[in-house]
Each structure stands twice: as C-alpha cells, then as structure tokens.
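The primary structure of each chain is shown beneath.
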Amino acid sequence: MIKSWILVTFFIAFNWSAAQSYTNYSEKDGLPSNHIYKITQDSNGFIWIATDEGLVKYNGTDFKVFTTQEGLPTNDIWNVFPATDGKLWYIAKSTSMGYILDNVVHNFVNKEANVSIDPIYSGFTGDSLILSGTFRSHKLNSDFKWEEIDYNFYKDFSNVSYLSHKKYKGIVRSVLDHDRLNLVTRDNNLHPLQDSLFTFNSHSRGQLTDSLYVGNSNDSYGFINFNNLETKRYTYESELNVPFLKYSRLHLANNNIQLTGEHVVAMLDDSLKAKEVVHIPIELKSHYSFIDKENTVWIATFSNGIYKYSLNERLIKKELSHFKISDIKRVNEKIIAFVSGKGFYELNEKTNTFQPYIDSNDFLYDAEYIKETNTSHFITKKNIFSITKNDSLNLKFDVDNERARSMTFYKGFIYGHYTVGINKIAPYSLEKIKPYSLSGVRCSTTMDDRLIFGGSNGLYELVNDKIIGIESLTNFKKPVIDIARVNDKTLIVSTSGYGVYQTDLNTIELLEGSEFLKSNNPCIVKNELYIPTNKGIYNYKYLNGKFRFKQLWNNRNGLSTNKINGIEKVNNELLVATNQGIIHYPIDYISSQSLLDIYVDKALYANHNLKLNNNTTYIPDSDLQLVINNIDYRVNKKMYYEFRLLPTQKKWTVANSSNLTFSDLSPGEYNLELRSGGINKSFKFQLEPRWYQSWWFYLITLLTVVTLIILVTKALTKRSEEKKNKDLLQAQKLSELQLKALRSQMNPHFVFNSLTAIQYYINENDFETSDRYLVKFSRLIREFFELSKEQHITIKREIELLKNYLDLESLRFNKKLHYQIEVDPTLNLNDFIPSMLLQPIVENAVNHGIFNKSVTGLIIVKFVKLDEKQIQIHIIDDGVGFKFKKDDVRYKSSSVLEDRLRYLKASGLWEIELKRGPASSDIEYPGHEVIFNLKKLSNENL
C-alpha cells in the first residue's frame, strides 16, 4: 500500500514539474538564511518569512530583514501570525515576544523576569496572541508584559491550552486518561468533549480563530467549534491522498484556513475539508507551503530557501521544454513544429501534443504547402522532403542546400531563395531552371499577380524576368526577414529590429507599438494578427483597412519568456514556439497576479523621519524626500505610477523611479496622491510653522509694528514741535540779544559823542569834515539797523562795517586813534560769520582802551585762516588794559556777548571759542587782546 502511494505521489510530482515553472529565492537573493520555518501574508499583502537568522518582509522586489539589531529578542523566529490590524506577531524560544508594525519592532518581556516562554502550541484569534506551551499559557496584560494565566482549578486535570473566548477560558485533560479532554467555562465548570478527537501527543495544536481550535497528528487533523461544540476529525488519506503527513499544521491567512505539511498544501472549505489540493514536487524538499491571495504557492524548505509558482499557470501547458522550437506553422492541414536537433513534429489534435513527423538533426529552414502541386515541402540544410497525398520525395544534397530555403509558387514555377539569390525551380522535379542574383534575400510571397522578395535592404519584385527594387518603396531600406500576405491588397512585412509594417506596395506604414521590434513568422487568422517578437506576442485586429493594436502577451501575464520564435492559433489556444519548448497558451488566460499595493516606504523631511498622516514642524529651505515602493510579485515587473502633491501640484506626473524629492515647501497641509494599476492611495501630512511663523505671531507682529510706528511718529512729531518751539524761542532770544547789542552799540555816549564831534566841526567852520562825519555816522547807523535783522554776515561786509566805525571814531579822536585790519590772503571773503559779533569788542577797545590813553592809540583786527572750515580773529589794542567791575558798562556789554555766544553754539551751526588777555607786558599800557576761534559745523566752506 505504501509503495503504491509513493508511485502516485511521484507521478503527480512529475506531471507538475513538467507543467509548472517555479522561482527560487535563497541567500543569494537577499534571504538571511536558507533555513525557512514558515511563510505567511499580512493584511497589506506583504509576504513574511520566518528563518533561523531573522524575520523577512518581502514586497516582490526587496527583502527587508529584521534581526536583533532592529529589536527582535532572537534571530531564530519559529512562527508568525498576521493580524487584521496590520501587525505581524512573532514567536520564538525567548523571554520576550511581540509584533512588527510599520517596520518597527514592539517587543514585550515576560512578567516573570528572565524566565523563557515555551510557545510551541501558541494560538492566535486574528487580533491577539496566546503563548501556550506543554502545560503553561501566557497572555499580554495591561502593562504590556506576558503574564501566565491560571485557568485550571481541578486537581484531576492538567493544562492543555488557555482560550481567548467569551464563554470558555481553557482546555484541560484528565490526568488518568490523556485523551479525555474538557473545556473550562468562564464560571469554572467543566464541559467534556467527544472522545478520540484529540490526543495529548498531537504535534501541532492551538486556537486558530476566536471560535476554532485545531490539532494535527501524523495521520489526521481535527477541530473544535466553540460556537456549537462540534468536533470532527479528517484523515490525510481521505483529504490529501496521502496516508501520513510529516510537519502537518493548519494555519490562517487572508481569511482562509490552509492545511500543509511535507510536499503538499490544501485550501479548506467551511467544513474544514480539503477543496483544492496542491502537491509539491518531492525534489523541492518542502516541509511547509502557503497559498497567497493571488493564488500563488510559496514553498518553504530547510536548506534551499523558498520557491513560488502561480497556480493559474496550470492552465498553461508546456512541452518539449528542453528543445529550441524555431517556428510553428500550418502546412496544409497539419500544424508543424520546427524542433531543433530533432526534426519536424506534428500536432496530435486529439491529445493536443506534438509528436515526431520527419526526423532530422540538420538545421530546419522552412515548410511550405504548394496548393498548385498539392505538395508539402519540408526544407532543411541537407534535404528537401516533398510529400503528396500518395507519394513522397526526398531530395538530398551532398554539401548544403543551395536550391531553396523557402518556396513560393508563381506563374507555373517555384521560386526559392538561397545564400546569394533566388532560384527558379521546376514545380515537380525541383530541378533548378534559372538563378537570379540578389544578395541578402530572406523571403518571398505573391500579391496582386506580383512576385515579391524581402532582402537586407528592403523589398524587391520580379519584373520582365529581372529582380528590381519596388519603385514606390525605394525609401524603405529596412532588413526584411519575413513577408506574410493578408489579402490581395495587404502585406505584413517583418524586419530585424525595425518593427513590423503594413503595405499595399504603394505606401508602407509602421504598425502601432512595434517600433524597433525584431519579428518573424507572423500568424494571420481571419482579421486577427499575431506577431512573435523579442518582447512577447503582439496582437492586432484588422479594422477599416488597417491593423490596430489590441493587446500584448509577455512574461508578465503567463508566458515564461518574451523571446517568441513563432505562433500558430488552434481553436482557442496559441501554440507558441520558444527557445525552451512549446507553450500551449489559452487565448483568454488572465493572470492571477497583479499590483497589490503602492505605498511610501520611507519619508524624510530635513533628513529626519517623517511619519505620514501626521504633523511635523516646518524647517525653512528643507527638502521632502520620499521612497515609493509597491507590492508586486509578478516576474519581470516594472514600477510605473503617477503622483501629485496637493495643493502645490494639480497635474499628475508619471514616474518610474522610486525616489521623489520636493523642495521649498511652505508651512501647510499637504496630500500626496499616488495611483498605479487601478490602485489609488493618499498620504496626508502637515508642516506646522514654528511659533514665530504662525498667523497669530504675524498678526501680533503687525500690530506691534503699527503701534511702534504710531508711537515713534508721535514722538518724532512731538520732538519736532519741541525743537521748532525751542528754535523759535532761541531765535527770539537771539533777536533780543541783537537788539541789546545794537542798543549797547548805539548807547547814548556814542551818539552824544558823535553829535558833539559833528557840532564841533560845524562851529569851527570845518564843514567838509563835519559833512564827512555825518555821512559816515548815518551810514553806520543804517548798517546797524540792517544787521539787526541778519544772523550771518560775509567777512568782506564785516570788514567794511569795522572800517566805517573806526573811521568815524578816528575823526572823533582827531587822529589820536589809528587802526589796522589784516586779512589772510588765502581767506575767502565771501564766507559767512555770525553778525554783530566783532563790533562790540572793537567798540570796547576804542572807548575803554584807547580813550583813557594820553598818547595816540592803535587797534589791530586780524583775520587768519586755520583750515577750510575754521578761522581765527584777533582784536588787539595798546590801551590801558581790560579791568572792570560788574556795574561797569563794559561788564554788561561782555555779558550780552557771552549770551549771544551761548545761543550760537546751541544752534548747532557754529563752534566758537573766546579768549581774552593782555596784549603786551607794558605796565602802563598793557593793552588788551580778544581772540575768536570760529568753526562752522556745516559742510559749506568758510
């Protein structure tokens, strides 16, 4: 009996291997170890692989490995359970266990410190993990620590497993009879179960859902339904056609319960009976297998990593996989395959398999049926096999066949191409009649009573027994390798690397999507065109005189290769010639595999991790860097997607790179939208401004600035008003001082003395002198009054004023007074000095210095230029000196001068320094010297 089961298993495995192709992943592809414990799929579609060197997350492209470096308690992970909320729970022989969520490991320790947990019989309800060993069970408590659960209060019963159920809290067994099991209710009552359902020696058991408990033995599996307390047991022989099952276990993934073990996996129905059994080839040495949501089988081994294949591929039959098939075509009523090294094979339509027809280990050129002679010709490098209904002919060549590598019947003769030209051949004897030279010729056909050839430099035809280029297509210079006639008005022209063309021999047009394809041997069935290319099978439909692209079959939707050598359509199946045999491809085949998801794998903002659907602080001049990834388990897949970042980007952008970068994002809310293969995803995040970048800070700042502007404006206005009032007051005081100075200058003594002197000259009948005196006196009085209105006077005018005054005093003193006015020749006489400043000092020198002197006196006024903005003025007399009291008129005059100097300094226009002292060391007439240092503070030159 056992031997017969071995033979059956071997037969099933052999057929499977002949029909299926599988992909292997091992350490060379990124797995941390080839020792695999379990494979499962989470709610997002990721494949998780438990190994002895870490836990692996796979998206179809990248293996992301989690180890102790990422936070696992150990690298030796035994088992994994996918939760409905996206968590992936892991268990191991350790003091702590937990789950992985969003690529972050969450690990929880045993409440009993440094004590390992034995989770060999762990259960899972879909959301919570129960760690069960031989006698002890642990559950995660509110403090996120694993705590042992005490659920058995009966001395005659030992623990089996804690349960996560609203009515029952555990399973116990009788100490005396290990096969006698009971349920412990929440109120601590025992409920017996049917005998022989479980044995304590079951090598795999545990809670599988919130209402289902399962167990496996070597020859059967069973379950308990907590909702109705139904118990059942099924044998592997009845469900899997195997008497025993090593490594057997039941597991839940994608809401489906699966039974697996050595070399087998099965989907179970609602009654937990096997509804779809998949036997794994023995040579793969599998111990665990899993069917994902796309109907793909994932196979775990202890030494070779993992394997996978699609169950839908069972619809695609393969044969002669170890041989290259150079073409498949219809020859009369037969479907012929060109099997390299073997010969021509014929399709047996009853068995839908190919079998030998003409043996030949030579290179196979072509096979053609000539309707006019009712003969099928099979052409090789050494032979031409000609077969009619009643006879056959084998034309052998001593060297190489240079008679014909293909055949076309035209006007009573056969034309066949060879290495450097075309032969005209007798239709029955195949004798060569006439050669035509045409280098690089590859194919021929007829259309509209014209014989057409394809060569390395375009299309040619036979005209008046000469081969010439087709005049209307002289610009078409592509290397033609095949020509197929659609009808009397249309040809399909295949090229080597330049695409496929449609022509009526007047114009020629490239077929849509065929750019740069290498094609050969197209198949035309009614209005459908099937083109074998180096990138798969291109399907076109003939509409309104043109072929329109319909669809593409390649290694992304069921074909094992893209390199297609030939096609023939039989019923609802494409017979596909490849370098790895013949593929029987159902024309309505739909691959079960597709894009499962597109997601943001990594997000960095200012080189810091950004958690999407969350907020982060805005940082100026920072980039947002995203890594886009997808879940796609198809072979040779390529990632294409569209994206836009709202609200800054309204239009969709196509991308095939996984990296996206956005620069100079302002604070605000953003929504990244992705779409690909009918999947639309949205990821929101917000860049929150710092407190000094928020709207309320800007508002407060604006209000503060406006307030400051108002306050500063008011302060400046007030200051301007105060300065204006101060200037008015200062001008008023200055005017008063000028009037005082004027009055002091025009004191009664001066007026009286001047008038007395005039009277004296009149009495002496010196009318000329009196007249001159009177003129000078009146002019001087007029100058005084005019200067009382001015604040500045030119040096030139000041000198003239001083001369008038001293001339008048000299007349009064009857030539007892002499004066000198010395001016620095470099001094600009048009520069200004303060008015009414020098005359009072000169008057004091006359009246109080020279007047009291018994001899002739001298007054000297000197103007000296110190620099461009500073002059020095000296007023010197050789009189009796400068000594006065407070009641002296000279003191009052000096006080008025000091006030005037103070206000001139306060005006900010002048810097004035005054010095007094004796003019000489003479005891009797020491004289007096006054020195003014005047510096103008404005930018004007003095």
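An unreviewed UniProt entry lists the protein under the name Two component regulator with propeller domain, from Nonlabens ulvanivorans.

Asks: Help me understand the overall build of the protein, please; the structure alone is not making it clear to me.
Replies: Tallying secondary structure elements over the protein gives eight helices and 72 strands in all. The C-alpha atoms of the protein give 59 Å as radius of gyration, which overshoots the globular expectation for 942 residues (30 Å, by more than 25%). Oriented by its inertia axes, the alpha-carbon framework of the protein measures out at about 180 × 110 × 45 Å. Residues classed as buried in the protein amount to 49% of the 942 residues present. Counted over contacts in the protein with a minimum sequence separation of 6, partners at least 24 positions apart contribute 49%.

Asks: How should the pattern of salt bridges be read in this particular structure?
Replies: Working definition: two side chains of opposite charge can pair if their charged atoms are close together. Under the counting rule described, the total for this entry stands at 25 salt bridges. The salt bridge partner of K28 is D29, with a shortest N-O separation of 3.0 Å. K28 sits in the exposed class, given a relative accessible area of 66%. Look at the salt bridges and you will find they share partners, linking E112, R136 and E148 into a network.

Asks: Can you walk me through unusual backbone geometry in this structure?
Replies: Peptide bonds are trans in most cases, and residues, glycine excluded, mostly fall at negative phi. Going from L646 to P647, the amide bond is cis rather than trans, its omega being 5°. Within the secondary structure layout, P647 lies in the loop between β61 (641–646) and β62 (653–655). Positive phi, close to 55°, is recorded for D448, a residue that is not glycine. Mapped onto the elements of the fold, D448 is located in the loop between β42 (443–447) and β43 (450–455). Under the relative-accessibility criterion, D448 is labelled partly exposed at 45%. One non-glycine residue, D621, lies in positive phi territory at about 55°. In this fold, D621 is placed in the loop between β59 (614–617) and β60 (623–631).

Asks: Sorry, what's going on with the environment of R485 here?
Replies: Tracing the sequence through the fold places R485 in strand β46 (residues 480–487). Taking the C-alpha atoms as reference, R485 lies 24 Å from I384; in sequence the two are 101 residues apart. If sequence neighbours within four positions are ignored, R485 has contacts with T445, T446, M447, T490, L491 and I524. A polar contact of 3.3 Å, which involves the side chain of R485, links it to the backbone oxygen of T446.

Asks: Explain helix α7 (residues 839–850) to me, please; I cannot follow it from the model alone.
Replies: The α-helix winds at 3.6 residues per turn, so residues separated by three or four positions along the chain end up facing the same way. The terminal C-alpha atoms of α7, which comprises twelve residues, lie 15 Å apart, in line with the 16 Å expected from a rise of 1.5 Å per residue. Of all twelve residues in α7, eleven are buried; the element is thus mostly enclosed. When we look at burial in α7, the residues that qualify are Q839, P840, I841, V842, E843, N844, A845, V846, H848, G849 and I850.

Asks: Can you walk me through a positive patch on the surface in this structure?
Replies: Together, K324, R442, K518 and K563 make up a positively charged patch on the protein surface. With respect to the secondary-structure elements, K563 resides in the loop between β53 (546–553) and β54 (564–570). With a relative accessible area of 35%, K563 lands in the partly exposed category.

Asks: Honestly, the side chain of T445 in this entry has me stumped. Any pointers?
Replies: As for its position among the elements, T445 is in strand β42. Of the residues examined, T445 reaches a relative accessible area of 11% and is grouped as buried.

Asks: Please clarify how the sheet that holds strand β18 (residues 204–209) should be interpreted in this entry.
Replies: To summarise the sheet geometry, strands pair through backbone hydrogen bonds and adopt either a parallel or an antiparallel arrangement. The four strands lie next to each other as β18-β19-β20-β21, forming an open sheet whose pairing is antiparallel. Bordering the open sheet on either side are β18 and β21 (230–235), each of which pairs with just one other strand. Across the sheet, the mean angle separating the axes of adjacent strands is 15° when strand polarity is ignored.

Asks: Can you walk me through the packing of helix α6 (residues 795–812) against α7 in this structure?
Replies: Working note: a packed helix pair is described by the angle between its axes plus the distance between those axes. The N-to-C vectors of α6 and α7 enclose an angle of 20°; their axes lie 11 Å apart at closest approach. The orientation of α6 with respect to α7, classified from their angle, is roughly parallel. For the pair α6 and α7, the sense of crossing is right-handed. Residues E798, L802, Y805, L806, E809 and R812 of α6 lie in contact with α7, whose contacting residues are Q839, V842, E843, V846 and N847. Of the residues belonging to the contact of α6 with α7, the class tally is five nonpolar, two polar and four charged.

Asks: Hey, could you run me through the packing of aromatic side chains in this one?
Replies: To describe a pair of aromatic rings, you give the distance between the ring centres and the angle between the ring planes. Enumeration over the complete set of coordinates arrives at 37 aromatic pairs. Between the aromatic rings of F81 and F124, the centroid separation amounts to 5.4 Å while the plane-to-plane angle is 20°, which identifies the pairing as stacked. Of this pair, F81 sits in strand β6 (residues 79–82) while F124 is found in strand β10 (residues 123–124), placing the two residues 43 residues apart along the sequence. Ring pairing ties together the aromatic residues Y25, Y58, F63, W298 and Y633, which thus form one cluster. One cation-aromatic arrangement involves K64 over F66; the distance from NZ or CZ to the ring centre is 5.5 Å. The positively charged end of R675 is found above the aromatic ring belonging to W652, 4.0 Å away from the centroid.

Asks: Where do I start with a nonpolar patch on the surface in this structure?
Replies: Taken together, the side chains of L708, L711, V712 and L716 present a nonpolar region at the surface, about 370 Å² in accessible area. Following the sequence through the fold, V712 ends up in helix α3 (residues 695–745).

Asks: Sorry, what's going on with the confidence of the model for the protein here?
Replies: If pLDDT is low for a region, its predicted coordinates should not be looked at in detail. Looking at the protein as a whole, its pLDDT mean stands at 86, while 91% of the residues score no less than 70. Per-residue pLDDT stays below 50 along residues 1–19; that stretch engages in 18 contacts with residues further than four places along the chain or on separate chains.

Asks: Any chance you could explain the sheet that holds strand β9 (residues 104–109) here in plain terms?
Replies: Taken together, the four strands give an open sheet; going across it, the order is β6-β7-β8-β9, and neighbouring strands pair in antiparallel fashion. In the strand order of this sheet, the two ends are held by β6 and β9, each with one partner. Shown here is a sheet whose adjacent strand axes are inclined to one another by a mean of 25°, direction ignored. Of the strand pairs in this sheet, strand β8 (residues 96–101) and β9 are connected by six bridges, and their pairing is antiparallel. Looking at β9, one finds that M97 is bridged to F108.

Asks: Can you walk me through the pairing of β42 in this structure?
Replies: Within a regular strand, side chains alternate between the sheet's two faces. The buried fraction of β42 is high, at five of five residues. Side-chain alternation along β42 places C443, T445 and M447 on one buried face and S444 and T446 on a second face that is also buried. Note: β42 against β43, five bridges, orientation antiparallel. Of the residues in β43, the one forming a bridge with C443 is G454.

Asks: So what exactly am I meant to see when it comes to the state of the cysteines here?
Replies: As used in these notes, a disulfide is a covalent bond between sulfur atoms, one from each of two cysteines. Within this structure, the stated rule accounts for zero disulfides. Here C443 stays unpaired: no disulfide links it, and the sulfur of C523, its closest cysteine neighbor, is 17 Å away. Its relative accessible area of 6% is what places C443 among the buried residues.

Here is what the cut-offs are and how they apply
Residues numbered from 1 in each chain as written. Predicted model: local features only at pLDDT ≥ 70, side-chain atom pairs only at ≥ 80, totals over all residues. Heavy atoms only, no water. Helix = DSSP H or I, 4+ residues; strand = E, 2+ residues; numbered from the N terminus. Rg over C-alpha atoms; globule rule 2.2 N^0.38 Å. Buried < 20%, exposed > 50% of the residue type's maximum accessible area, 1.4 Å probe, protein only. Contact = heavy atoms within 4.5 Å. Salt bridge = Lys/Arg side-chain N within 4 Å of Asp/Glu carboxyl O. Polar contact = N/O pair within 3.5 Å; in protein donor to acceptor, adjacent residues only side chain to side chain. Expected span 1.5 Å × (residues − 1). Patch = residues over 30% accessible without salt bridge, like charges linked within 9 Å, V, L, I, M, F, W, Y side chains within 5 Å. Areas by Shrake-Rupley, 256 points an atom, 1.4 Å probe, with all protein chains shown as cover. Lys, Arg positive; Asp, Glu negative; His and termini not counted. Charge placed at Lys NZ, Arg CZ, Asp CG, Glu CD. Pairing = 2+ DSSP bridges. Axes fitted to C-alpha atoms, helices over the stretch in contact; angles between N-to-C directions. Parallel < 35°, antiparallel > 145°, perpendicular 65-115°, else oblique. Left-handed = near helix turned anticlockwise from the far one by under 90°. Nonpolar A, V, L, I, M, F, W, Y, C, P; charged D, E, K, R; others polar. Phe/Tyr/Trp six-rings, centres within 6.5 Å; stacked < 30°, edge-to-face > 60°. Lys NZ or Arg CZ within 6 Å of the ring centre and 35° of its normal. pLDDT = per-residue confidence, 0-100. Disulfide = S-S within 2.5 Å.

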